[in-house]
2 protein chains.
Amino acid sequence: MFGCLVAGRLVQAAPQQVAEDKFVFDLPDYENINHVVVFMLGTIPFPEGMGGSVYFCYPDQSGMAVWQLLGFVTNEKPSAIFKISGLKSGKGSQHPFGAMNLPQTPTVAQIGISVELLENLAQQTPVASAAVSSVDSFTEFFLCGSGLALQHVPFFYSAC
Amino acid sequence: MFGCLVAGRLVQAAPQQVAEDKFVFDLPDYENINHVVVFMLGTIPFPEGMGGSVYFCYPDQSGMAVWQLLGFVTNEKPSAIFKISGLKSGKGSQHPFGAMNLPQTPTVAQIGISVELLENLAQQTPVASAAVSSVDSFTEFFLCGSGLALQHVPFFYSAC
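Residues numbered from 1 in each chain as written. Chains lettered and ligands numbered in written order. Predicted model: local features only at pLDDT ≥ 70, side-chain atom pairs only at ≥ 80, totals over all residues. Heavy atoms only, no water.

In the nomenclature of an unreviewed UniProt entry, chain A is known as Protein Hikeshi of Pipra filicauda. In UniProt, chain A has this text filed under Subunit (unreviewed entry): "Forms an asymmetric homodimer; required for binding and nuclear import of HSP70 proteins. Interacts with ATP-bound HSP70 proteins." In UniProt, chain A has this text filed under Sequence similarities (unreviewed entry): "Belongs to the OPI10 family." (UniProt positions renumbered as here; feature names shortened; annotations may be inferred.)

Right, dumping it as structure tokens:
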């Protein structure tokens, strides 16, 4: 259902499914990653009224998983580019992967995708520094989001 | 062999093969595109000593095709993100698609991939403003390029 691509590396199209509605890609050697692309393969759409929140997970100095919300993919916006190189010193955020206990390896981070109701996605605020593309990213998501009532307007801004 | 992804849209994995060594993806509504990802699917590598030069082609005001070299993909660097939103007023460059006579539609641009010898790629200078990621992009290409002797060092720089 999902693919993940680290700029400069081979595409990954087989995430680990860690729950019925949660998918995880490993990102080896994550400290040398600048941009990550997350996309739907186009084979299976989200169920009506659902979309995916995309998280970056990396180990902090004590080896604990830190999760940060990067953004969203939906049937109407089935791909996104995220900049993760500036996130490694950021604070973690609330996330739905709490009970997964993903094994943490010092050099391996994860991309986690959680399938959720679109109205739940609209309540979530991604880290602003992860946004790549332009102000259009927000506009596109807003306009195409099947009735999404976004409450945090300045989600996306040009990182370039 | 190749995939192409416009940020925000569905992935394309079936380019038009316009010659034995040349592949083209259409980019509808290209004026609303900021970033394009070009990647190898991972099924078929380049032949030994070969790589791909990646071009952006768009119609100028008179409908003539303008080609600009974005960069490269190789077996060692099988994906790249390019920023095309700043290129539409740029000048065209030399390109190997001259005789293709691709039909030009006002709102449709193309990504063209030309399979060439790595030493030929090393002679080519992409437009600097298309580079996304960081100075590492160049370093990575240089270090991993199987003996590439790049002559134009400041190819890539951070666009962000």
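**Q** Mind showing me how you'd approach the overall build of chain A here?
**A** On a plain count of helices and strands, chain A comes out with two helices and eight strands. In chain A, the succession of helices and strands from N to C terminus is β-β-β-β-β-β-β-β-α-α. A total of 160 residues make up chain A; the buried ones form 49% of that total. Partitioning the contacts of chain A with sequence separation of at least 6, the portion at a separation of at least 24 is 72%. Surface exposure of chain A reaches about 7,100 Å², of which carbon and sulfur atoms provide 53%. (Helix = DSSP H or I, 4+ residues; strand = E, 2+ residues; numbered from the N terminus. Buried < 20%, exposed > 50% of the residue type's maximum accessible area, 1.4 Å probe, protein only. Contact = heavy atoms within 4.5 Å. Areas by Shrake-Rupley, 256 points an atom, 1.4 Å probe, with all protein chains shown as cover.)

**Q** What is the right way to look at the sheet that holds strand β8 (residues 109-117) of chain B in this model?
**A** Across a sheet, paired strands are connected by hydrogen bonds in the backbone, their directions being either parallel or antiparallel. All names here are of chain B. Spatially, five strands are ordered β2-β3-β8-β5-β6 in an open sheet, and the strand pairing comes out antiparallel. Unpaired on one side and paired on the other, β2 (16-19) and β6 (65-73) mark the two borders of the sheet. Averaged over neighbouring strand pairs, the angle between their axes works out to 30° when direction is ignored. One ladder, built from three bridges, connects β2 with strand β3 (residues 22-27); its direction is antiparallel. Paired with Q16 across the two strands is V24, which belongs to β3. (Pairing = 2+ DSSP bridges. Axes fitted to C-alpha atoms, helices over the stretch in contact; angles between N-to-C directions.)

**Q** Just to check I follow, could you spell out the packing of aromatic side chains for this structure?
**A** Between two aromatic rings, the relevant description is the distance of the centres plus the angle of the planes. Evaluated as defined, the whole model comprises 17 aromatic pairs over all chains. Ring geometry for B:W67 and B:F97: centres 4.4 Å apart, planes at 5°, overall stacked. Separated by 30 residues along the polypeptide, B:W67 in strand β6 and B:F97 in the loop between β7 (79-83) and β8 bring together distant segments of the chain. Note on B:W67: relative accessible area 5%, which makes it buried. Accessibility expressed as a relative area gives 2% for B:F97, which makes it buried. Through a chain of ring-to-ring contacts, three or more aromatic side chains come together here, namely A:F2, A:F23 and A:F46. (Phe/Tyr/Trp six-rings, centres within 6.5 Å; stacked < 30°, edge-to-face > 60°.)

**Q** I would appreciate a short explanation of the pairing of strand β6 (residues 65-73) of chain A in the present structure.
**A** Two faces, one strand: in a regular strand the side chains alternate between the faces of the sheet. Residues and elements named next belong to chain A. Counted residue by residue, β6 has eight buried out of nine residues, so it is predominantly covered. Here strand β5 (residues 50-59) pairs with β6 via eight bridges, running antiparallel. Pairing of P59 across the sheet is with A65, part of β6. Here β5 folds back onto β6, and the loop between the two strands holds five residues, one of which, G63, carries a positive phi near 85°.

**Q** What am I meant to see in the confidence of the model for chain A here?
**A** Note: predicted coordinates in regions of low pLDDT should not be interpreted at a detailed level. All names here are of chain A. For chain A, the mean per-residue pLDDT works out to 81, and 78% of the residues sit at or above 70. Of all secondary-structure elements in chain A, the lowest mean pLDDT belongs to helix α2 (residues 135-144), at 36, while strand β1 (residues 2-6) reaches the highest, 97. Low confidence marks residues 134-160, where pLDDT is under 50. Its contacts with residues over four positions away, or in another chain, come to 54 contacts. Predicted complex metrics record ipTM = 0.80 and pTM = 0.82. (pLDDT = per-residue confidence, 0-100.)

**Q** How do you make sense of the pattern of salt bridges when you look at a structure like this?
**A** Think of it this way: side chains of opposite charge can pair up when their charged atoms draw near. All names here are of chain A. Here the structure, examined in full by the defined rule, presents four salt bridges over all chains. Across the pair D29 and R9 runs a salt bridge whose closest N-O atoms are separated by 3.8 Å. With D29 in the loop between β3 (22-27) and β4 (35-40) and R9 in the loop between β1 and β2 (16-19), this residue pair connects regions lying 20 residues apart in the sequence. With a relative accessible area of 38%, D29 lands in the partly exposed category. Here K22 makes a salt bridge to D21, at a shortest N to O gap of 3.2 Å. The exposure class of D21 is partly exposed, given its relative accessible area of 29%. (Salt bridge = Lys/Arg side-chain N within 4 Å of Asp/Glu carboxyl O.)

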